[in-house]
Amino acid sequence: MSTTKVVSEIFKIDSPIQDVYSLLSDFQKIGRLAEMVKQMGVPGNQSTELEKISDKIESTRFTEDACYVMVKGLGEVAVKMVEKEEPKLIKLGGDGALPFEFNLWIQLLENGPCDTRMKITFHGELNMVFKMLLKGKLEKGINQLGEGLTRIPYGLLRNLNL
């Protein structure tokens, strides 16, 4: 096993750092947002990608510090909040159900009143086979996650008391 590190590009979010941190550091809020998106639908090509993902998910449940996903053919996988440092760091980790250990760091930096910068870093203990199979997908996935997180209307969601 060796440590694999994948770092995203730096993303700009047009919202105050506190609004971004408040949503991303609470899985219950993320769960309510996911349910809203599911009910409202997603426009364009994003809808097809969301359908591909949701076809593999049997169920989800959320607590403030954990997200549990029942994945077809895999079973229940959990992502848990391991560490939080308001308003600049959210560190996530697995629950041991996957065949490798990982941490995902979401780092936030205030660059102005409505200008938050975000970087996502993946650290995983992968054997050589998993590393060869997953590294490219992880790099693509980390950046897609970052792009998706920039599209969330954090200020609007704060006003909706998510």
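Residues numbered from 1 in each chain as written. Predicted model: local features only at pLDDT ≥ 70, side-chain atom pairs only at ≥ 80, totals over all residues. Heavy atoms only, no water.

**Brief notes about the side chain of aspartate 19**
- Within the secondary structure, aspartate 19 is located in helix H1 (residues 17-24).
- Residue aspartate 19 is classed as buried on the basis of its relative accessible area of 10%.
- Setting aside anything within four residues of it in sequence, one finds aspartate 19 in contact with Tyr154, Gly155 and Arg158. (Helix = DSSP H or I, 4+ residues; strand = E, 2+ residues; numbered from the N terminus. Buried < 20%, exposed > 50% of the residue type's maximum accessible area, 1.4 Å probe, protein only. Contact = heavy atoms within 4.5 Å.)

**Let's talk about the environment of aspartate 95**
- Mapped onto the fold, aspartate 95 is located in the loop between strand S6 (89-94) and strand S7 (101-112).
- Aspartate 95 sits in the partly exposed class, given a relative accessible area of 36%.
- Not counting the four nearest positions on each side in its chain, aspartate 95 is found in contact with Val77, Ala78 and Lys80.

**Side note on empty space enclosed by the protein**
- Scanning the model with the defined rule gives one cavity of 30 Å³ or more in all.
- Estimates place the volume of the largest cavity at around 40 Å³.
- Taken together, Val77, Ala78, Gly94, Asp95, Gly96, Ala97, Leu98, Phe100 and Phe102 make up the full set of residues lining the largest cavity.
- When the residues that make up the lining of the largest cavity are grouped by side-chain class, the tally is six nonpolar, two polar and one charged. (1 Å grid on protein atoms, 1.4 Å probe; cavity = no way out; pocket = protein on both sides within 12 Å on 5 of 7 lines; lining within 4 Å. Points joined across faces, edges and corners; volume = space filled by probe spheres on them. Nonpolar A, V, L, I, M, F, W, Y, C, P; charged D, E, K, R; others polar.)

**Quick notes on the pairing of strand S8 (residues 115-126)**
- Note that strand S1 (residues 2-7) and S8 share six bridges and pair antiparallel. Within S8, the residue paired with serine 2 across the bridge is leucine 126.
- Where S7 lies against S8, eleven bridges are found, and the strand directions are antiparallel. From the neighbouring strand, phenylalanine 102 faces S8, where its bridge partner is glycine 124.
- Taking the residues that link successive antiparallel strands as the turn, the S7-S8 hairpin has two residues. (Pairing = 2+ DSSP bridges.)

**Notes on the confidence of the model for the protein chain**
- With 91% of its residues at a pLDDT of at least 70, the protein chain reaches an overall mean of 88.
- The secondary-structure element of the protein chain with the lowest mean pLDDT is helix H3 (residues 45-55), recorded at 62, while strand S2 (residues 11-13) shows the highest, at 98. (pLDDT = per-residue confidence, 0-100.)

**Let's talk about the environment of tyrosine 154**
- With respect to the helices and strands, the residue tyrosine 154 is situated in helix H5 (residues 154-159).
- For tyrosine 154, the contacting residues outside a window of four places in its chain are Ile13, Ser15, Asp19, Val20, Leu23, Leu24 and Leu149.

**Some details on the packing of aromatic side chains**
- Tallied over the full model, the rule gives three aromatic pairs.
- Each residue in the set Phe100, Phe102, Phe122 and Phe130 is aromatic and connected to the rest through ring pairs, giving one cluster.
- When the ring centre of tyrosine 68 is taken as origin, the NZ or CZ atom of arginine 61, which lies over that ring, is 4.0 Å away. (Phe/Tyr/Trp six-rings, centres within 6.5 Å; stacked < 30°, edge-to-face > 60°. Lys NZ or Arg CZ within 6 Å of the ring centre and 35° of its normal.)

**Describing helix H4 (residues 128-150)**
- Taking 1.5 Å per residue, 23 residues should reach 33 Å; H4 reaches 32 Å between its end C-alpha atoms and fits that length.
- Maximal helix bending in H4 amounts to about 45°, located at leucine 134.
- Residues Leu138, Ile142, Asn143, Gly146 and Leu149 constitute the buried set of H4.
- Of the surrounding elements, those touching the buried residues of H4 are S1, S2, H1, S7, S8 and H5.
- Here H4 starts with a cap whose side-chain oxygen sits 3.0 Å from the backbone nitrogen of valine 129, and that cap is asparagine 127. (Expected span 1.5 Å × (residues − 1). Bend = angle between axes of the 7 residues up to and from the residue. Polar contact = N/O pair within 3.5 Å; in protein donor to acceptor, adjacent residues only side chain to side chain.)

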